[in-house]
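Chain by chain, the residues:
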Amino acid sequence: MVDNHVINDISNYAEPGPDSLEGVSRERFTQSESNLLLLQWACQYFYDGAELRKKWKRAQDFVMGRQLEELIEWNGRKITIRQYMEAKGMPILEYDVIGDKLLSLVGLVRQQRSTATCSAVDPNEEDYISFFNEYLRQNDNSNDRQELDARMFYAFCVFAFVGMKTYYGRRDGKNGIFDYSVDIFKLALPPFFKYDLSDVEFIAEAHDLTWREIIATFTNGSKEEVNKLSEIYLQTQHHFAPEQTYHPTGEAQYAGIDDFTHSSVVGKYRVLEIWTKETRPAIWVHDWESGDCGYASPDQRAFYEEKKRKIEESNIMKDENGLPVLDENGEPIYYVDPSELKTIEIKDEAETYWFRRYLTPNGYLLDARESPYYVLRDGFRTSIHPYTFEAYPCLNGEIRSFSMRAENNQRTLNHYMMMINFIVANGAKGTMIVDENALSKKQSIDEMQVNYTKTDGFILWNSKNGGKPPQTLVNKSIPAGVDFMVNFAKTMASEGTGVQGALQGQHRNTSGKQYQLERESSSTTIQDFVESFNNFKVRVAKKKLYLIQEFCTDADSVKLTGDEFEIHFNSETMRDMDLDVAIDLDAYSPIVRATNNDMAWNFMTSGKMDPYTMLTVGQFPGTSRMRKYFKEQLEKLQAMQAQQQANGEMPTAGVEQQQTGTPAAHLKDVNDGANDLAALPSAAM
């Protein structure tokens with residue numbers, strides 16, 4: 001038989017057929033050739049990213065104030081810049097420019113307090129949007145997304161690459177949809193050329209778990225499975241200690257770490273999560289009449305062929321007895337020409353889908369299954385993975401962050417500051433003149449030079465041969481141009497990063513208009529960087545909405561506003577809704593809070609809202625007692641009104657007044673100009 005398998009020239013790997021998992025073992029706690037091959041690919045991709053991780057590590061060092069830890073060559077050996085300066089007797093402190101500007105940039109983004117909101121593509125489905133927006137907001141609060149997004153934006157500024165994993169699982173004994181930031185130092189990815197990494201078909205992430213976490217996640221709790229897992233992990237232990245964890249906890253913890261299969265943390269074990277895009281035979285179904293299309297299992301071919309046959313049969317004219325009406329040639333008469341009839345198209349194709357595996361470092365399978373996440377539209381499913389990535393600017397696959405742009409400016413400024421230290425040090429002691437007859441055999445010229453520059457250093461001289469004592473020529477001024485170079489470096493640091501002093505709150509005795517122009521200029525310069533991260537947040541929100549539509553049931557509900565306003569999930573209508581997502585101000589932002597409070601206050605003063613509803617809809621701190629009082633009064637008045645109506649009496653004026661929301665005198669005088677801006681609650685903020 002002819003062998004039609006395509007062989008990859010690089011890895012000598014035989015490409016699979018249309019069913020890429022045909023014959024692949026899925027038995028847990030076993031080792032197979034396919035799993036070992038995946039492990040080999042993951043390690044290769046991880047090692048291919050070594051230079052990128054060095055780039056990330058260097059950017060992190062600059063941001064964390066370790067700018068003088070770069071290695072230089074001096075006298076045939078490599079030492080850090082700090083060690084070189086200390087050897088010259090001049091300890092130096094970092095002049096951190098990147099860190100200050102990065103804090104200003106992160107502060108600007110946090111001040112906006114934006115979040116993702118959705119709207120319905122179909123206007124007829126707009127009534128369901130409140131559920132998704134409120135569910136999304138509550139889920140973001142439970143995941144502490146405001147703080148998580150701020151930390152991720154900080155990392156985005158440093159690394160220009162971030163990842164978020166949105167998954168449905170169990171945490172703290174509760175099922176739900178959760179987010180966590182992906183550790184990019186533990187990722188193994190093939191080469192990518194799209195900013196969202198949509199062109200990769202292999203994603204490997206390393207997890208460091210305690211033994212208890214491994215048992216709880218990958219066993220059924222039986223002693224038999226735990227012992228079997230123990231035997232597997234005993235094989236992963238090695239007799240030598242890798243060069244890891246030699247830095248203090250909390251400082252440069254990833255220095256020297258370049259191992260994908262072993263944990264660098266004492267007491268934890270490595271588990272590898274690998275996602276691959278696979279193929280399988282499928283049928284492509286396109287209903288031309290409804291416009292629905294998607295992949296279906298070959299087992300459903302008979303169902304769609306029967307549906308197609310019924311459509312074609314309904315196109316034939318029939319008499320009152322249900323028999324086809326024939327023309328003069330004995331052929332059936334059709335309502336629509338069969339060649340123009342919109343029917344169902346069925347084609348054999350290969351469908352792609354995502355598959356997830358958990359492996360031990362030695363290739364044993366802990367768990368394997370098709371991706372549990374999908375997008376449901378028009379009755380057809382599309383497989384997705386839980387990751388969302390953002391690479392900036394991803395020019396031909398290359399990334400460059402905000403801090404990477406500023407590294408050379410920071411190095412230039414450090415160079416000028418060190419140059420000033422040398423000038424000041426030499427100017428303080430001056431140039432030493434030594435008589436050759438005064439040289440001592442107990443101290444070489446190099447030793448004299450080193451001791452002369454050191455604090456409290458001393459030199460030896462010999463007077464036996466008539467040598468004169470060493471003398472110094474003192475320079476009492478700093479050479480011209482040094483001040484210009486330092487100021488030029490500071491200016492370049494501002495212009496190079498786009499974060500000028502005005503954005504950091506610095507006022508350089510300029511006009512207010514110039515200050516505002518500088519602030520707006522800084523915001524415009526970094527706008528593309530900020531918008532790229534906002535796009536990342538939108539895509540994370542879309543993935544979360546897909547999971548909400550997939551895992552929510554009719555029993556799920558959210559409470560929107562007040563005590564009685566509640567909406568439930570409708571699986572029949574909301575499961576496959578198309579949703580648009582955009583970035584908007586968060587409901588808890590000061591601007592939105594003040595606007596809502598003003599609106600509620602105006603409604604109450606105009607008689608369109610009662611005080612209890614006003615306090616409930618608005619967000620007025622410290623009003624819980626007032627809210628409780630008005631609720632009790634409202635319930636009493638409503639009960640009195642119901643009793644009066646039951647007795648056939650007209651409701652009292654007090655009830656009508658309370659329902660229309662006319663405020664009490666002790667809250668606000670109705671004649672004191674309630675519509676004035678100064679009377680609004682936000683005016684005191």
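Analysis parameters
- Residues numbered from 1 in each chain as written.
- Predicted model: local features only at pLDDT ≥ 70, side-chain atom pairs only at ≥ 80, totals over all residues.
- Heavy atoms only, no water.
- pLDDT = per-residue confidence, 0-100.
- Contact = heavy atoms within 4.5 Å.
- Axes fitted to C-alpha atoms, helices over the stretch in contact; angles between N-to-C directions.
- Helix = DSSP H or I, 4+ residues; strand = E, 2+ residues; numbered from the N terminus.
- Left-handed = near helix turned anticlockwise from the far one by under 90°.
- Buried < 20%, exposed > 50% of the residue type's maximum accessible area, 1.4 Å probe, protein only.
- Pairing = 2+ DSSP bridges.
- Expected span 1.5 Å × (residues − 1).
- Arc of directions from axis to C-beta.
- Salt bridge = Lys/Arg side-chain N within 4 Å of Asp/Glu carboxyl O.
- Core = buried A, V, L, I, M, F, W, Y, C linked by side-chain atoms within 4.5 Å.
- Polar contact = N/O pair within 3.5 Å; in protein donor to acceptor, adjacent residues only side chain to side chain.
- Phe/Tyr/Trp six-rings, centres within 6.5 Å; stacked < 30°, edge-to-face > 60°.
- Lys NZ or Arg CZ within 6 Å of the ring centre and 35° of its normal.

Caption draft 1: Region of the structure containing the confidence of the model for the chain. Mean pLDDT over the chain stands at 81; residues scoring 70 or higher make up 80%. Overall, residues 239-246 carries pLDDT values under 50, and its contacts beyond four positions in sequence, including any with other chains, amount to 9 contacts.

Caption draft 2: Region of interest: the packing of helix α4 (residues 98-112) against helix α6 (residues 145-159). Closest axis-to-axis distance for the α4/α6 pair is 10 Å, and the angle between their directions is 145°. For the element pair α4 and α6, the recorded crossing hand is right-handed. From α4, Leu 102, Leu 103, Leu 105, Val 106, Val 109 and Arg 110 reach across to α6, where they touch Gln 146, Glu 147, Ala 150, Arg 151, Phe 153, Tyr 154, Cys 157 and Val 158.

Caption draft 3: Summary view of unusual backbone geometry. That bond from Tyr 392 to Pro 393 is cis: its omega, -10°, falls within 30 degrees of zero. Relative to the elements of secondary structure, Pro 393 occurs in strand β15 (residues 393-395). Positive phi, normally seen in glycine, also occurs at Asp 144, with a value near 55°. Inspection of the secondary structure puts Asp 144 in the loop between α5 (129-142) and α6. Residue Asp 144 is classed as partly exposed on the basis of its relative accessible area of 46%. Within the chain, Asp 172 stands out as a residue other than glycine whose phi angle is a positive 55°. By the secondary structure assignment, Asp 172 is in the loop between β4 (161-171) and β5 (174-181).

Caption draft 4: Highlighting the environment of Gly 107. Relative to the helices and strands, Gly 107 resides in helix α4. Counting along the chain gives 43 residues from Gly 107 to Ala 150, while the straight-line C-alpha distance between them is 8.7 Å.

Caption draft 5: How the structure looks around the sheet that holds β5. Strand order in the open sheet formed by 3 strands is β5-β4-β14, with antiparallel pairing between adjacent strands. Looking at which strands have only one partner, the edges of the open sheet turn out to be β5 and β14 (387-391). When strand polarity is set aside, the average angle formed by the axes of neighbouring strands in this sheet is 15°. Two strands pair when backbone bridges link them, and β4 and β14 are joined in this way by 5 bridges, in the antiparallel orientation. Paired with Lys 165 across the bridge in β14 is Tyr 387. Strands β4, β5 and β14 of the sheet are contacted by α6, whose axis makes an angle of about 150° with β4.

Caption draft 6: Local environment of helix α1 (residues 33-48). A rise of 1.5 Å per residue sets the reference length of α1, with its 16 residues, at 22 Å; its end C-alpha atoms lie 22 Å apart and thus fit the reference within 8%. Where α1 is concerned, the buried positions are Asn 35, Leu 38, Leu 39, Ala 42, Cys 43 and Phe 46. Looking straight down α1, one finds that the buried residues subtend no more than 135° of arc, so they occupy a single side. Turned more than 90 degrees off the buried face of α1, the exposed positions are Glu 33 and Gln 40. Structurally, α1 contributes buried residues whose contacts are with α2 (50-63), β6 (187-188), β7 (202-209), β8 (269-287), β10 (344-359) and β11 (365-370).

Caption draft 7: Expanded view of the pattern of salt bridges. Enumeration over the complete set of coordinates arrives at 32 salt bridges. Of the charged contacts in the structure, one is a salt bridge between Arg 411 and Glu 70, with a shortest N-O distance of 3.5 Å. Here the residue Arg 411 occupies a position in helix α10 (residues 402-429), and Glu 70 occupies one in the loop between α2 and β1 (71-74), the gap between them amounting to 341 residues. With a relative accessible area of 42%, Arg 411 lands in the partly exposed category.

Caption draft 8: Fine view of the nonpolar core. Ranked by internal contacts, the top residues of the largest apolar core, which has 75 residues, are Phe 131, Phe 132, Phe 153, Phe 161 and Ile 548. Per-element accounting of this core gives the leading share, 10 residues, to helix α14 (residues 527-551). Contacts of Phe 153, omitting those with residues within four sequence positions, involve Leu 105, Val 106, Val 109, Phe 529, Val 530 and Phe 533. By size, the runner-up hydrophobic cluster in this structure holds 18 residues, among which are Leu 39, Ala 188, Phe 202 and Ile 274.

Caption draft 9: Here's a closer look at the side chain of Glu 225. Mapped onto the elements, Glu 225 comes out in helix α8 (residues 223-234). Judged by relative accessible area, Glu 225 falls into the buried class, the value being 16%. Only 2.9 Å separates the side chain of Glu 225 from the backbone nitrogen of Asn 220, close enough to count as a polar contact. For Glu 225, the residues in contact, after removing those within four places along its chain, are Arg 28, Phe 29, Phe 218, Thr 219 and Asn 220.

Caption draft 10: Quick look at the environment of Glu 134. Among the structural elements, Glu 134 can be located in helix α5. Between the C-alpha atoms of Glu 134 and Ser 557, which are 423 residues apart in sequence, the distance is 9.7 Å.

Caption draft 11: Geometry of the packing of aromatic side chains. Applying the stated criterion across every chain, the model contains 38 aromatic pairs. Judged by centre distance (6.5 Å) and plane angle (85°), the rings of Phe 132 and Phe 569 are edge-to-face. Highlighted residues: Phe 132 in helix α5 and Phe 569 in the loop between β20 (566-568) and α15 (571-574), separated in sequence by 437 residues. One aromatic cluster is present, formed by Trp 56, Phe 159, Phe 161, Phe 185, Phe 192, Trp 275, Tyr 387 and Phe 389 through successive ring pairs. Above the face of the Phe 29 ring, Arg 28 is positioned so that its terminal group lies 4.4 Å from the ring centre. Against the face of Tyr 374 rests Arg 381, its NZ or CZ located 4.0 Å from the ring centre.

Caption draft 12: Representation of the environment of Ile 177 within the structure. Mapped onto the elements, Ile 177 comes out in strand β5. The exposure class of Ile 177 is buried, given its relative accessible area of 3%. Taking the C-alpha atoms as reference points, Ile 177 and Ile 548, separated by 371 residues in sequence, lie 7.8 Å from one another. Those residues in contact with Ile 177 that lie beyond four places of it in its chain are Asn 139, Asn 143, Thr 166, Tyr 167, Tyr 168, Lys 544, Leu 547 and Ile 548.

Caption draft 13: Spatial organisation of the pairing of β11. Note: β10 against β11, 5 bridges, orientation antiparallel. For Arg 357, the partnering residue across the bridge sits in β11 and is Ala 368. Connecting β10 to the antiparallel partner β11 that follows it, the hairpin turn spans 5 residues, and Gly 363 within it adopts a positive phi of roughly 90°.

Caption draft 14: Spotlight on the side chain of Arg 270. Relative to the elements of secondary structure, Arg 270 occurs in strand β8. Here Asp 208 takes part through its side chain, which lies 2.6 Å from a polar atom of the side chain of Arg 270. Here the side chain of Arg 270 touches Phe 260 through a polar contact of 2.9 Å, landing on its backbone oxygen. If sequence neighbours within four positions are ignored, Arg 270 has contacts with Lys 186, Ala 206, His 207, Asp 208, Tyr 233, Asp 259, Phe 260, Thr 261, His 262, Ser 263, Ser 264 and Pro 361.

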